[in-house]
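What the coordinates show
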Amino acid sequence: MGAHCIPSASEALGEPADITPAEAPATLGAGQRAQGQDVQKPLSSEGLFGVFPTAVPKMRTRSKKKLLLLVSLLPLLLLVERCRRRRAGELRLSDWFHPRNRPDVLTTTGWRAPVIWEGTFDRQALWRHYTGQNLTVGLAVFAAGRTADQYLEPFLRSANKHFLPGYRVVFYVMVDHWYQLPHLQPVPLHTFRVLTISQDSWWPDWNLLRMKSLGEYILSDIRGEVDFLFSMSVDQVFQNDVGVEILGTAVAQLHAWWYFKGRKNLPYERRRRSAACIPFGEGDFFYDGALVGGTPLHVLNLVEAYLSGVAHDQKHGLNSTYERYLNKYFFLHKPTKLLSPEYNWDAALLLPRQVQYVKVLQLAKRGL
């Protein structure tokens, strides 16, 4: 690992040593007794002075030298342990993410989260790391009403081919009826599961129903089945492979249109009484609601924050949009990874020079 394995001071302090130098003799004795070995009892002070009257100063000196030696070796031991753990499964950002390869775009946020563009990540390094992890990734798609007939089959057909090929994936298809699932043959390691939607008349729009259903199924099924979970809108078609470069604790999708606009023009909710409000002069990016992801717990927290914000605004006679609540959530809880507009490009827009490789194409133009 070379110099890259040297831990920072905070890392060294954060790594609890199994045996500290002062505790080593006691711990060793306890271990020997547990194994049924004989442990020599320490001589009394009377025995020491009576038999070896000059031995005490020498033994104390040797003990101090041993203690100093152990203390001096402690950083090296921590270094070796850190390297061992990294070889056993830890992956540093610098092992696979190379932002200097794309100087034409923003590749790192102000809070040091990576922005994933084509050319910034090492596919081979990611493959070597994740192939031995035995991961399962979930992809939830919501297709209620006529959207199932219009968009579901091309979405699933393209996702089955391009979403994390070679990894275990569960597609959670949320539809009104089980028979709306298209007849598709899943590729190896991919499976389809139908989750029927419980349509409550008091939920006034699809996004509310989508997030409510997703939250319920995370609690009842999904959270115990997958390591990472992504939720996508159904009006998209995968164009190229989307791999493990997207995995992270909290993943947000940059909006294809608003990414290229100035921050002062971003369409945040500005009404101060709204739970979605981001004041003028604040905010980072405008995130697209067509794709969110991370750990199941993160996605569940996002769902709960969204539903709570909607309930708050309804009590005050206000109504905002799903994406504005989403942007308020990510304003307060910064995402750990951002996906570039390549992962959700709007089919109605011309490609700028920065977008070199479209991964997913957005078919329908959505209002904010």
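Here is a short report on the structure shown in this document. (Residues numbered from 1 in each chain as written. Predicted model: local features only at pLDDT ≥ 70, side-chain atom pairs only at ≥ 80, totals over all residues. Heavy atoms only, no water.)

**As for the overall build of the protein**
For the protein, the helix and strand inventory stands at 10 helices and 11 strands. Counting the 368 residues in the protein, one finds 45% classified as buried. In the protein, the proportion of contacts linking residues at least 24 apart, taken out of those at least 6 apart, comes to 73%. When the accessible area of the protein is evaluated, it comes to approximately 20300 Å², of which 56% is carbon and sulfur surface. (Helix = DSSP H or I, 4+ residues; strand = E, 2+ residues; numbered from the N terminus. Buried < 20%, exposed > 50% of the residue type's maximum accessible area, 1.4 Å probe, protein only. Contact = heavy atoms within 4.5 Å. Areas by Shrake-Rupley, 256 points an atom, 1.4 Å probe, with all protein chains shown as cover.)

**Overview of unusual backbone geometry**
For Arg112, which is not glycine, the phi dihedral falls at a positive 70 degrees. Tracing the sequence through the fold places Arg112 in the loop between helix 5 (93–96) and strand 1 (115–116). With a phi close to 80 degrees, Leu189 is a non-glycine residue in the positive phi region. Examined against the element boundaries, Leu189 turns out to sit in the loop between strand 3 (168–175) and strand 4 (190–196).

**Digging into the pairing of strand 8 (residues 287–294)**
In terms of burial, strand 8 is largely enclosed, as eight of its eight residues are buried. Relative to strand 8, strand 5 (residues 228–233) runs antiparallel, the two sharing four bridges. In the sheet register, Phe230 faces strand 8, and the bridge partner there is Gly293. With five bridges connecting them, strand 7 (residues 250–254) and strand 8 associate as antiparallel partners. Residue pairing across strands places Ala250 opposite Gly294, the latter belonging to strand 8. (Pairing = 2+ DSSP bridges.)

**Things to note about the sheet that holds strand 6 (residues 236–238)**
Pairing is mixed across the open sheet formed by three strands, whose spatial order is 6-11-10. With one partner strand each, in any of the chains shown, strand 6 and strand 10 (345–346) form the two edges of the open sheet. Where strand 6 meets strand 11 (residues 360–362), three bridges bridge the pair, whose relative direction is antiparallel. Looking at strand 11, one finds that Phe238 is bridged to Val360.

**Here's the deal with the pairing of strand 2 (residues 136–143)**
Most of strand 2 is tucked away, with eight of its eight residues classed as buried. Side chains Thr136, Gly138, Ala140 and Phe142 of strand 2 all project onto a buried face; the interleaved residues Val137, Leu139, Val141 and Ala143 project onto the opposite face, where all are buried too. Judged from the eight bridges that link them, strand 2 and strand 3 form a sheet pairing that is parallel. Note that in strand 3 the partner of Ala143 across the bridge is Val175. Chirality of the crossover, the property in question, places the unit of strand 2, helix 7 (residues 146–162) and strand 3 among those that are right-handed. Bridging between strand 2 and strand 5 involves six bridges; their strand directions are parallel. If you follow Val141 over to strand 5, its bridge partner there is Met232. (Right-handed = clockwise from strand over helix to strand, strands pointing away.)

**Examining the environment of Asp149**
If you trace the backbone, Asp149 turns up in helix 7. Overall, Asp149 belongs to the exposed group, its relative accessible area being 66%. Measuring from C-alpha to C-alpha, the distance between Asp149 and Gln180 comes to 7.8 Å, with 31 residues separating the pair along the chain.

**Examining the sheet that holds strand 7**
Consider a sheet: its strands pair through backbone hydrogen bonds, and that pairing is either parallel or antiparallel. Taking strand neighbours across the sheet as the criterion, the eight strands line up as 1-9-7-8-5-2-3-4 in an open arrangement whose pairing is mixed. With one partner strand each, in any of the chains shown, strand 1 and strand 4 form the two edges of the open sheet. As judged from the two bridges shared by strand 1 and strand 9 (residues 337–339), these two strands associate in the parallel manner. What sits directly across from Val115, in strand 9, is Leu338. Packing of helix 8 (residues 206–220) onto the sheet brings it into contact with strand 2, strand 3, strand 4, strand 5 and strand 8, and relative to strand 5 it is tilted by some 160 degrees. With respect to the sheet, helix 10 (residues 322–332) is in contact with strand 7 and strand 8, its orientation differing from that of strand 8 by roughly 50 degrees. (Axes fitted to C-alpha atoms, helices over the stretch in contact; angles between N-to-C directions.)

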